Amino acid sequence: MSEPVRVLAKGILFDMDGVLISSIDSVVRAWKRWAKLYDLPNAETFEVPHGMRARDLIGTLRPDVDLQQAVQVIQDLELADMADLRVLPGVKALLEGLPQERWAIVTSSSRPLLLARLKAAGLPLPDRIISGDMVERGKPDPEPYRRGAKLLGFGPEECLVVEDAPSGVGAGKAAGCRVLGVLGTHSVAELHEADWVVGSLEGLAVRVGVKGLELMFAPVV
């Protein structure tokens, strides 16, 4: 562990899956079912890339199919399977302690899937959301995080992005934000573009002040 770091920010932009909750097992099952339905040659061993919108992934896997229908199929499969969903360490207390106007969720998931997962996890629903179906270009494009910062009313440079996937880290950096990487779905080496990396959000302390947020944490590197 490195020495504790103090970061000042006006707002926090959280990715959802892999940062706030973990639904990786159900996601893997759903995509394997989808792969079988859509006749992918490696359906039984298919590994879904983490941090991409379903429509972007489907566009590369099966550009010949009806995109909207295929997206709806995977969304329905994921909505029907939340058996292994769990809240990650430190998240519930962190979110409950943040003023609603100071944070947003910026995710590649669709809005219906985001809301269903947060409800199943028992986490507070944010007032501000940027979901994968609200943007023209998904991560690693900077559009989602630029829009998230704008939604909070701050400049990207005033926001801290919290991400677990290289595509999301890249999106945050390209948007002009500072990025805190969280281990879980990827290694420290894979998150090398992040400004800092922590093992989990359990050790993240936030002090709310008149001018914004003061965050304290001990990076792993």
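It should be noted that the structure appears before, not after, this text.
Residues numbered from 1 in each chain as written. Predicted model: local features only at pLDDT ≥ 70, side-chain atom pairs only at ≥ 80, totals over all residues. Heavy atoms only, no water.

*Asks:* Please explain the overall build of the chain as it appears in this structure.
*Replies:* Check the secondary structure of the chain and you find 7 helices and 11 strands. Here the chain has a C-alpha radius of gyration of 17 Å; the compact-globule value for 221 residues is 17 Å, and the two agree. Taken over 221 residues, the chain has a buried fraction of 50%. In the chain, the share of contacts with a sequence separation of at least 24, taken over all contacts with a separation of at least 6, comes to 62%. One finds the centroid of the 25 positive side-chain charges in the chain at a distance of 5 Å from the centroid of its 30 negative side-chain charges. (Helix = DSSP H or I, 4+ residues; strand = E, 2+ residues; numbered from the N terminus. Rg over C-alpha atoms; globule rule 2.2 N^0.38 Å. Buried < 20%, exposed > 50% of the residue type's maximum accessible area, 1.4 Å probe, protein only. Contact = heavy atoms within 4.5 Å. Lys, Arg positive; Asp, Glu negative; His and termini not counted. Charge placed at Lys NZ, Arg CZ, Asp CG, Glu CD.)

*Asks:* Just checking my understanding: could you explain the sheet that holds strand β10 (residues 205–209) for this structure?
*Replies:* Hydrogen bonds between backbone atoms are what pair the strands of a sheet, whose relative direction is either parallel or antiparallel. Strand order in the open sheet formed by 3 strands is β1-β11-β10, with antiparallel pairing between adjacent strands. The sheet is open, and its two edges are formed by β1 (5–9) and β10, each paired on a single side. On average, each strand axis in the sheet is tilted by 20 degrees relative to the strand beside it, whichever way the strands run. Bridge count between β10 and strand β11 (residues 212–217): 5 bridges; the pairing is antiparallel. By the bridge assignment for β11, alanine 205 is matched with methionine 216. (Pairing = 2+ DSSP bridges. Axes fitted to C-alpha atoms, helices over the stretch in contact; angles between N-to-C directions.)

*Asks:* Explain unusual backbone geometry here, please?
*Replies:* Trans peptide bonds make up the majority, and among non-glycine residues the majority have a negative phi. Cis geometry is found at the peptide bond from lysine 139 to proline 140, where omega equals 15 degrees. Summarising the element assignment, proline 140 is placed in the loop between β6 (129–130) and α6 (143–152). Despite not being glycine, aspartate 39 shows a phi value in the positive range, around 60 degrees. By secondary structure assignment, the location of aspartate 39 is in the loop between α1 (24–37) and α2 (54–61).

*Asks:* Explanation requested: α1 in the structure shown.
*Replies:* Helical periodicity: at 3.6 residues per turn, an α-helix aligns residues three or four positions apart in one direction. Counted at 1.5 Å a residue, the expected span for α1 with its 14 residues is 20 Å, and the 20 Å between its end C-alpha atoms agrees. Residues of α1 that are buried include every one of Ser26, Val27, Ala30, Trp31, Trp34 and Ala35, and no others. On its buried face, α1 is in contact with α2, α3 (67–79) and α5 (111–121). Of the residues one or two after α1, aspartate 39 is the one with positive phi, at around 60 degrees. (Expected span 1.5 Å × (residues − 1).)

*Asks:* Can you help me understand the pairing of strand β5 (residues 103–106) in this one?
*Replies:* Where a strand is regular, its side chains alternate between the two sheet faces. On β5, burial covers both faces: Trp103 and Ile105 on one face and Ala104 and Val106 on the other are all buried. The pairing of strand β2 (residues 11–14) with β5 spans 3 bridges and is parallel. Of the residues in β5, the one forming a bridge with isoleucine 12 is tryptophan 103. Note on the crossover from β5 through α5 to β6: the handedness is right-handed. (Right-handed = clockwise from strand over helix to strand, strands pointing away.)

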